[in-house]
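Coordinate analysis (summary)
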Protein chains: 4
Amino acid sequence: MQTRKPEIEQAILKQAEQEFYAHGFERASIRRIIKSSDTSIGNFYNYFESKDALFEALVGEEFNRFSAFITRHEQDDNEVFNKEIFERGKWKSHTGEILDQVVPELISRMIPDFNLRLVILLEGSKGTKYETASRQLLNLISDHFSDHAKEEGVEISRDLNILLAEQFLSGIIRIIKLHMDDNQKRNKLLTEFVLFFFAGAMSLFGQ
Amino acid sequence: MQTRKPEIEQAILKQAEQEFYAHGFERASIRRIIKSSDTSIGNFYNYFESKDALFEALVGEEFNRFSAFITRHEQDDNEVFNKEIFERGKWKSHTGEILDQVVPELISRMIPDFNLRLVILLEGSKGTKYETASRQLLNLISDHFSDHAKEEGVEISRDLNILLAEQFLSGIIRIIKLHMDDNQKRNKLLTEFVLFFFAGAMSLFGQ
Amino acid sequence: MQTRKPEIEQAILKQAEQEFYAHGFERASIRRIIKSSDTSIGNFYNYFESKDALFEALVGEEFNRFSAFITRHEQDDNEVFNKEIFERGKWKSHTGEILDQVVPELISRMIPDFNLRLVILLEGSKGTKYETASRQLLNLISDHFSDHAKEEGVEISRDLNILLAEQFLSGIIRIIKLHMDDNQKRNKLLTEFVLFFFAGAMSLFGQ
Amino acid sequence: MQTRKPEIEQAILKQAEQEFYAHGFERASIRRIIKSSDTSIGNFYNYFESKDALFEALVGEEFNRFSAFITRHEQDDNEVFNKEIFERGKWKSHTGEILDQVVPELISRMIPDFNLRLVILLEGSKGTKYETASRQLLNLISDHFSDHAKEEGVEISRDLNILLAEQFLSGIIRIIKLHMDDNQKRNKLLTEFVLFFFAGAMSLFGQ
DNA sequence: AATGAATGAGGGTTCATTCAT
DNA sequence: AATGAATGAACCCTCATTCAT
């Protein structure tokens, strides 16, 4: 009878994560993945239909999780970001409060959702159907930015919107990659980066 | 006699640019390049010694130009950035002047040096002697940022320094990729991005 | 499961032996080898890691066996060659005994160690880590000759020493190639050759 | 008008000599030859029809010269070798005379005819119609040996005959390669080798 | 006569995938 | 379910040779 063993599937996924992270989809080698997964090439194809299917299994879920994060974040905004300190013009005099309160809160919700698979999805999906997914994700973020801008009463160009979304995301990814195992350093840097980003963005919105 | 045809060399370079941009050095295929260049594999090697040589022909000059750009920029700072409007604290009340005067000047000097080949150099040079180039350039930029920070009397952490350099570079690259053939849109977006970036950075420095 | 078939490995080795013998390592073609071996290029690499590995599988063991032969021969000399008939001057009157007794004994120990793969090792290993092996073996042989000369109380020049070693080896190789499959003819010729060689050498030593 | 320049032809031949000597026919590269010959690939084919034709031009003449040498030598034998010292049985007591008189005379006639091209013909002609020519040449030598044997009243097997011919030739070639530029060393070694060879051969004939 | 651009077969090797066991 | 042998296209590159100039 055919009972797939979850531990094998997980081993493959775990090694695939390393491989795709290190080389991206196109340069990743199934041979290398199964070699570290303690199984065989043939058996690999019992668990995953193809290299593409493996990639999808790895990042597809992540894509959904991140989409959910965005949605959740949008709702949460009511609680966190839509405080009066973000009302037009006021934020400049509340940087201290933002630093002490808003940013930590933001980080605490974002961090758990950022992981290696998301990095793979965003940086190593070329040659995959997800190479457009990365863009879709960014659209979500940029929509979010766009909403914030509207709240500020500012019309922001789609180009700039997307650019900022990419910058925001790539910055956070970069920080995660930099301090994968050091929460303190990571949070410190994230705090600085978010502040930098908000200040920069607000200066545009504030024109 | 049958002479080396510039149109073939150009065709190869043009196609190589597309290929390296699309797949990076290692995944780029000479066969695909020559197929679009209307010549034969053997003849390719009459024009370029190897895949490496082709890559160098494409981005080597670009690397030198960009290095020169950084150096030049550092010198020009004396004229452009070291105006009194950048004295500590004053910049906040001079954003208008920065937008109207400083940024356009900055862009006018940067633009000619940014192109597709630079993107290839920075994003597709893995497996090449230039694979460290990206980091070298980032070091130049981060040194530059570091100097500016010192002028502001601020000590900036190495992590943040590098992060900002990466963000700055990736942002500019993104803009180039976005508006490869539309100078106006590109300049507009670059202007906004630089302003965004300066404002963000200054908010950090100003703490 | 589909197991590695010894007949394929053997077929490859057999064809490789022919190919390396015919063209030497560098000019040998894996495609030609697998074409005669009734398998595919890709499958070749399931059996052998590389052209180098194939060559090593073919001659590596042979190299060790031959080195051992030389060592063994040096030790056996005490029993076979150091008989009184080889005392200075006496050998000339004992050619009959040498022919009937010593040479057959010598040959009986040499023969099993001489084969086609040794020829490949010695003549077709250019471009391989074994390309110095031929010289190493010659050094062993010439050291051996040198010892014999000393026993005869004769100083022999290095040039002549090496020359004789080369001649001895090449002569034996030639005989192997000539009568690959006919033991009787091979032994007869080897006997004659060894006698010829000893007589010639002794005439030099006896000066 | 089409006048072939002898200096170009000679330059090509000279470089080809080096190339064929260094790599043998199959591994020799026409590109390398013309690169050192200060001409072009295309022009090469004005002078020589093909790689094969070039090889033939190089060693064909040598083959004829060497054939002539053998013939000449056979005639000269009447004067040199057919002296009474070579009468059956007597040679053993005339080694001194052979060394002092016969060998130097032999050498003086052989040396001028041995050169690089002959080495190429004998060792680097694989893949050429001359790879059999080398054998033909050896047949001439072995016929010569056979005649000497007959004069000694000895029947010598064809195998042994050819083997000795090969050994004789390869020995001499080896010496020439070893001391290409040192006449004294070369002659000394040749003397020793010829003595060695004669003594060995005579011991066979004398049985 | 002279040049070297152009050709395409062939070199060793890696790859994702299929299929016999 | 599991194994890994088998396949063949594709990788970069070299070669002798041809042919346009």
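Quantities reported herein were computed from a predicted structural model and do not represent experimental measurements. (Residues numbered from 1 in each chain as written. Chains lettered and ligands numbered in written order. Predicted model: local features only at pLDDT ≥ 70, side-chain atom pairs only at ≥ 80, totals over all residues.)

With respect to the overall build of chain A
As a reminder, the rule being used: Only DSSP runs of H or I with at least four residues qualify as helices, and only runs of E with at least two residues qualify as strands; both kinds are numbered from the N terminus onward. For every residue, the other C-beta atoms within 10 Å of its own C-beta are counted; 20 or more classify it as buried, 12 or fewer as exposed, and values in between as partly exposed. C-beta atoms are placed from the backbone. Placing a C-beta atom from the backbone of each residue, one calls two residues in contact when those atoms lie within 7 Å.
Counting its secondary structure elements, chain A contains 9 helices and 0 strands. Evaluated residue by residue, chain A yields a buried proportion of 32% over its 207 residues. For chain A, the proportion of contacts with a sequence separation of at least 24, taken over those separated by at least 6, is 65%.

Section: the relation of the copies chain B and chain A
Formally: Superposing the copies works by least squares over the C-alpha atoms of residues that have pLDDT at least 70 in both of them.
Placing chain B over chain A gives an RMSD of 1.2 Å and needs a rotation angle of 174°, together with 0.3 Å of translation along the axis. When the interface residues of chain B are mapped onto chain A, 92% of them are again interface residues, pointing to one common binding face.

Remarks on the domain arrangement of chain A
Defined as follows: Residue ranges assigned to the domains are those given by an automatic or database domain assignment. Under this grouping Gly is polar, as are all residues other than the nonpolar Ala, Val, Leu, Ile, Met, Phe, Trp, Tyr, Cys and Pro and the charged Asp, Glu, Lys and Arg.
By domain assignment, chain A separates into domain 1 (1-48) and domain 2 (59-205). Of the residues in the side of domain 1 of chain A that touches domain 2 of chain A, the class split is 3 nonpolar, 1 polar and 2 charged.

Regarding helix α8 (residues 158-178) of chain B
Short version of the rule: An expected span of 1.5 Å times one less than the residue number is assigned to each helix.
For α8 of chain B, built from 21 residues, the straight-helix expectation of 30 Å at 1.5 Å per residue is met to within 8% by its first-to-last C-alpha distance of 30 Å. Among all positions in α8 of chain B, only Leu160, Leu163, Leu164, Ala165, Gln167, Phe168, Gly171, Ile172 and Ile175 of chain B are buried. Where α8 of chain B is buried, its residues touch α8 (158-178) and α9 (183-205) of chain A together with α7 (133-151) and α9 (183-205) of chain B.

Re unusual backbone geometry
If you check the backbone angles, Asp38 of chain A has positive phi at about 60° while not being a glycine. Within the secondary structure layout, Asp38 of chain A lies in the loop between α2 (30-37) and α3 (41-47).

Things to note about the interface of chain B and chain A
At the junction of the two partners, chain B supplies 25 residues and chain A supplies 23 residues. Broken down by secondary-structure element, the contributors of at least two residues to the side of chain B that touches chain A are α1 (6-27), α8 and α9 of chain B. Per-element tally for the side of chain B that touches chain A: the top contributor is α9 of chain B, with 12 residues. Its residues placed into classes, the side of chain B that touches chain A shows 12 nonpolar, 6 polar and 7 charged.

Here's the deal with helix α2 (residues 30-37) of chain B
Each turn of an α-helix holds 3.6 residues, which means side chains three or four residues apart point in the same direction. All names here are of chain B. For clarity, the cut-off: This arc is taken over the directions from the axis of the helix to the C-beta atoms.
Every buried residue of α2 is listed here: Ile33, Ile34 and Ser37. Around the axis of α2, the buried residues are gathered within 90° of arc, so they sit on the same side. Taken together, the buried residues of α2 touch α1 and α3 (41-47). Asp38 lies just past α2 and shows a positive phi near 60°.

Description of the environment of Gln18 of chain B
The topology assignment puts Gln18 of chain B in helix α1. Sequence separation between Gln18 of chain B and Ala68 of chain B is 50 residues, and the spatial gap between their C-alpha atoms is 25 Å.

Comments concerning the interface of chain C and chain D
Facing the 24 residues of chain C at the interface are 23 residues of chain D. Contributions of two or more residues to the side of chain C that touches chain D are made by α1 (6-27), α8 (158-178) and α9 (183-205) of chain C. In terms of residue count, α9 of chain C provides more of the side of chain C that touches chain D than any other element does, 12 residues in total. Looking at the side of chain C that touches chain D residue by residue, the classes come out as 12 nonpolar, 5 polar and 7 charged.

Details of the confidence of the model for chain A
Under the convention used in this document: Along the chain, pLDDT gives the predictor's confidence residue by residue, from 0 to 100.
Of the residues in chain A, 79% have a pLDDT of 70 or more, and the chain-wide mean is 79. The weakest mean pLDDT in chain A belongs to helix α5 (residues 95-110) of chain A at 70; the strongest belongs to α3 of chain A at 92.

Thoughts on the packing of α7 of chain B against α8 of chain B
Residue and element names in this part refer to chain B. Filter applied, for reference: An axis is simply a line fitted to the C-alpha atoms; with a helix, the fit covers only the stretch in contact. Between two such axes, the angle follows the N-to-C directions and lies from 0 to 180 degrees. Left-handed describes a crossing whose near helix is turned anticlockwise from the far helix by less than a right angle; the clockwise case is right-handed.
At a minimum axis distance of 8 Å, the contact between α7 and α8 shows a crossing angle of 115°. Handedness of the α7/α8 crossing: right-handed. Across from Leu138, Ile141, Ser142, Phe145 and Ser146 in α7, the residues of α8 making contact are Asn161, Ile162, Leu164, Ala165, Glu166, Phe168 and Leu169. Residue composition of the contact of α7 with α8, grouped by class: 8 nonpolar, 3 polar and 1 charged.

Topic: the packing of helix α1 (residues 6-27) of chain A against α2 of chain A
Residue and element names in this part refer to chain A. Stated formally: Just so you know how the angles are binned, under 35 degrees is roughly parallel, over 145 roughly antiparallel, 65 to 115 roughly perpendicular, and the rest oblique.
Between α1 and α2, the shortest axis-to-axis distance is 8 Å and the interhelical angle comes to 130°. For the element pair α1 / α2, the angle class is oblique. Along this stretch, α1 crosses α2, giving a crossing that reads as right-handed. Judged by residue contacts, Ala11, Ile12, Gln15, Ala16 and Glu19 of α1 engage Arg32, Ile33, Ser36 and Ser37 from α2. Class assignment of the residues belonging to the contact of α1 with α2 gives a composition of 4 nonpolar, 3 polar and 2 charged.

Considerations on the nonpolar core
Using the following cut-off: Linking buried Ala, Val, Leu, Ile, Met, Phe, Trp, Tyr and Cys residues through C-beta atoms within 7 Å yields a set, and such a set is a nonpolar core.
Counting residues in each nonpolar core, the largest one holds 63 residues, and the members touching the most others are Leu121 and Phe193 of chain A together with Phe193 of chain B. Grouped together as the second largest cluster of nonpolar side chains are 60 residues, Leu163 of chain C together with Phe44, Leu190 and Met202 of chain D included.

Quick notes on the environment of Glu151 of chain A
Here Glu151 of chain A shows up in helix α7 (residues 130-151). With 54 residues separating them along the chain, Glu151 of chain A and Phe205 of chain A place their C-alpha atoms 9.9 Å apart.

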